[in-house]
Amino acid sequence: MPHVFLKSLECLRCGQKHRPVRGLYVCKKCGGKLEVKYDYEAIGERIDKKALAKRPMGVWKYRELLPIRDQRNIVTLNEGGTPLLRARNLARELGLKNLWLKDETRNPTSSFKDRPMSVGVSKALEFGAKTVVAASSGNAAIALAAYSARAGIECYAFVPEQAPDAKVVQLLVYGAHVIKARSKGMGDPAYKLMQIAWEHYGWHPIPSCGTFNPYQPEGSKTMSYEILEQLNWQVPNWVIIPTGAGTLLSGNAKGYFEFEQLGFIDRVPRLVAVQAEGCAPLAKAFKEGTPPYEIPTWPKPKTIAGGLVDPYPWDADTAIPAIRRSGGSAEVVTDSEILEAERLLARFEGIFAEPSGAAGLAGLRKMLDGGMIDPSDLVVIEVTGGGLKDIKAATKIVPRAPVIEPKLGQLRKLLDKSH
Ligand SMILES: [Zn+2]
């Protein structure tokens, strides 16, 4: 059944409203970023908390709040519906009473990006797109490749020349055409190529950020919907979010504000962006009050958290106002703090995250040091991606495994030595 809840696309820069038609990804008037608007009154008449409670978990249980008109176009691998785990051991260790982990490593390609890409590819299918194109070396492109494969849509991924082998291989396995972009020292070469391909060949752009396509970021807001439902509608005091371009935080924020508008909650949680010290343009701009469109590109980004390397924070224009409106904050953490968080998540709670996925916990520890959090606060950390995506980083936090022959003597000698 087609639904009428998708209303318009509104330019965040000049306010111009557009009809959500095929081929329109940015404002026709000023080139600004578009935001998807719905008919919230009609949605409020269709769904309430009780109706939601009856539906099975997953991204598409919130279909009225997603931009697909015809449900037959939905391309899904059962993304979302990830567990919200109570972290009792970590809470005890950190002196907190009420700590939860949103475990996004359980998504089909092991990162939260499956939520936006399920929506992005579904919309591409609805528009009749034959080819989609991404600019990213990381989890977003991998998720796009997987969903495109499932939809039978051709996928091109422009990646930086130095993209790690593991991620390039994963892209190729899903059948994506991977093209490496060489930097000529002028902006992001992969994004540049994506724009060229989109303008010249008419391919459907599905990058991670919302700047060049308003649809796929809608998927990320379902994380917020789930967190609220899983907490039985208690609103967390804090939600801590690993942050690169600000896309996830913007998407999450939209989810909370929408549920507030629908009257499902009466306040929103304080949202915290956590960035890596080696690439922190958004956190810096937040602290210094730099207007989002004047944020300079971060020179020479370098961090172990590859998922957070976004030298230009494309979605700062939505993320920074959302942080402020929620009464939140931005934190910057070092690589060693991120690795320590990766170790703690695994040792205390049994969750293996990649460095960018563990950055939220590193940010929480920093906030506790700064006395920002009350011990009784309800805190949710988003663990955004799985550790198998970056084995090289994980080897930095583990000892080498010893080798012995199957003899009692050798085992005994080894155990004596380690005690
Ligand atoms: Zn505009």
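Everything that follows concerns the structure shown earlier in this document.
Analysis parameters
Residues numbered from 1 in each chain as written. Predicted model: local features only at pLDDT ≥ 70, side-chain atom pairs only at ≥ 80, totals over all residues. Heavy atoms only, no water. Axes fitted to C-alpha atoms, helices over the stretch in contact; angles between N-to-C directions. Helix = DSSP H or I, 4+ residues; strand = E, 2+ residues; numbered from the N terminus. Parallel < 35°, antiparallel > 145°, perpendicular 65-115°, else oblique. Left-handed = near helix turned anticlockwise from the far one by under 90°. Contact = heavy atoms within 4.5 Å. Nonpolar A, V, L, I, M, F, W, Y, C, P; charged D, E, K, R; others polar. Donors = N, O, S within 2.8 Å, 3.2 Å for Na, K, Ca; no water. Tetrahedral: all angles 85-135°; square planar, octahedral: opposite > 155°, others 65-115°. Buried < 20%, exposed > 50% of the residue type's maximum accessible area, 1.4 Å probe, protein only. Pairing = 2+ DSSP bridges. Disulfide = S-S within 2.5 Å. Right-handed = clockwise from strand over helix to strand, strands pointing away. Core = buried A, V, L, I, M, F, W, Y, C linked by side-chain atoms within 4.5 Å. Lys, Arg positive; Asp, Glu negative; His and termini not counted. Salt bridge = Lys/Arg side-chain N within 4 Å of Asp/Glu carboxyl O. Phe/Tyr/Trp six-rings, centres within 6.5 Å; stacked < 30°, edge-to-face > 60°.

It is worth spelling out the packing of helix α4 (residues 114–126) against helix α5 (residues 139–151) at this point. Contact geometry for α4 and α5: axes closest at 9 Å, N-to-C directions at 40 degrees. Relative to α5, α4 is oriented oblique. Here α4 and α5 pass one another in a crossing that is right-handed. Residues D114, M117, S118, V121 and L125 of α4 form the contact with α5, whose own contacting residues are A140, A143, L144, Y147, S148 and A151. Class assignment for the residues of the contact of α4 with α5 results in eight nonpolar, two polar and one charged.

Around the zinc ion, the donor atoms from the protein are C11 (SG), C14 (SG), C27 (SG) and C30 (SG), and they sit 2.3 Å away. Coordination geometry of the zinc ion: the four donor atoms subtend angles of 100 to 116 degrees at the metal centre, consistent with an arrangement described as tetrahedral. Sequence spacing of the donors to the zinc ion: C-x2-C-x12-C-x2-C. Owing to a relative accessible area of 33%, C30 belongs among the partly exposed residues under this scheme.

A few words now on the sheet that holds strand β13 (residues 378–383). Neighbouring strands of a sheet are bound in pairs by backbone hydrogen bonds; such pairs are parallel or else antiparallel. Taken together, six strands build an open sheet; the order of strands is β4-β5-β13-β10-β11-β12 and the sheet is mixed. The open sheet terminates on both sides in strands that have one partner only, identified here as β4 (84–86) and β12 (329–333). Each strand of the sheet is rotated relative to its neighbour by a mean of 25 degrees, with strand direction disregarded. In this structure, β4 lies alongside strand β5 (residues 98–103), joined through three bridges in antiparallel fashion. Looking at the pairing, R86 lines up with W100 of β5. Of the strands in this sheet, β5, β10 (238–242), β11 (270–276), β12 and β13 touch helix α13 (residues 355–369), which is tilted by about 135 degrees from β10.

Attention shifts here to the state of the cysteines. All chains considered together, the criterion is met by zero disulfides. Here C209 stays free of any disulfide, with the sulfur of C279 as its closest cysteine sulfur at 14 Å. Residue classification places C209 among the buried positions, given a relative accessible area of 1%.

What follows is about the pairing of strand β7 (residues 154–160). With five of seven residues buried, β7 lies mostly within the body of the structure. Here strand β6 (residues 131–135) pairs with β7 via five bridges, running parallel. Note that in β7 the partner of T131 across the bridge is E154. Handedness of the β-α-β unit built from β6, α5 and β7 comes out right-handed. Sheet topology places β7 next to strand β8 (residues 177–181); five bridges connect them, and they run parallel. Looking at the pairing, Y156 lines up with H177 of β8.

Right, let's get into the sheet that holds β6. A sheet is described by the order of its strands in space; here four strands give the open sequence β8-β7-β6-β9, paired in parallel fashion. The open sheet has two free edges, formed respectively by β8 and β9 (204–205), since each of these has just one partner strand. Each of β7 and β8 touches helix α6 (residues 165–173); the most contacted strand, β8, lies at about 150 degrees to it. Strand contacts of helix α7 (residues 189–201): β6, β7, β8 and β9, with the helix running at about 150 degrees to β7, the strand carrying the most contacts.

As a further point, take the nonpolar core. Membership of the largest hydrophobic core comes to 56 residues, with the highest contact counts inside it found for I43, L65, L249, F259 and V380. At six residues, helix α9 (residues 247–261) tops the list of elements feeding residues into this core. The next biggest cluster of nonpolar side chains, apart from the first, holds 35 residues, and it includes I240, A305, A359 and V379.

Take the environment of E126 next. Within the element layout of this structure, E126 appears in helix α4. Measuring from C-alpha to C-alpha, the distance between E126 and Q71 comes to 9.5 Å, with 55 residues separating the pair along the chain.

This part is about the side chain of E382. Mapping E382 onto the fold places it in strand β13. Buried charge E382 goes without a salt bridge, the closest partner of opposite sign being R115 at 8.3 Å. Every residue in contact with E382, bar those within four places of it in the chain, is listed here: K102, M223, I227, V239, I240, I241, P242, L248, N252 and G357.

Evaluated as defined, the whole model comprises 16 aromatic pairs. Ring geometry for Y62 versus Y225: centroids 4.8 Å apart, planes at 55 degrees, classification tilted. Of this pair, Y62 sits in the loop between α2 (49–54) and β4 while Y225 sits in helix α8 (residues 221–230), placing them 163 residues apart in sequence. Assessed through its relative accessible area of 1%, Y62 is described here as buried. When the ring of Y156 is compared with that of W203, the centres are 4.3 Å apart and the planes differ by 20 degrees; the resulting orientation is stacked. Residue Y156 is found in strand β7, and its partner W203 is found in the loop between α7 and β9; the two are separated by 47 residues along the sequence. A relative accessible area of 18% places Y156 in the buried class.

Here we come to unusual backbone geometry. With phi around 60 degrees, N78 is a residue other than glycine that occupies positive phi space. With respect to the element layout, N78 can be found in the loop between α2 and β4. One non-glycine residue, W233, lies in positive phi territory at about 70 degrees. Note on placement: W233 falls in the loop between α8 and β10. A residue is classified by how much of its surface remains accessible, and W233, at 17% relative accessible area, is buried.

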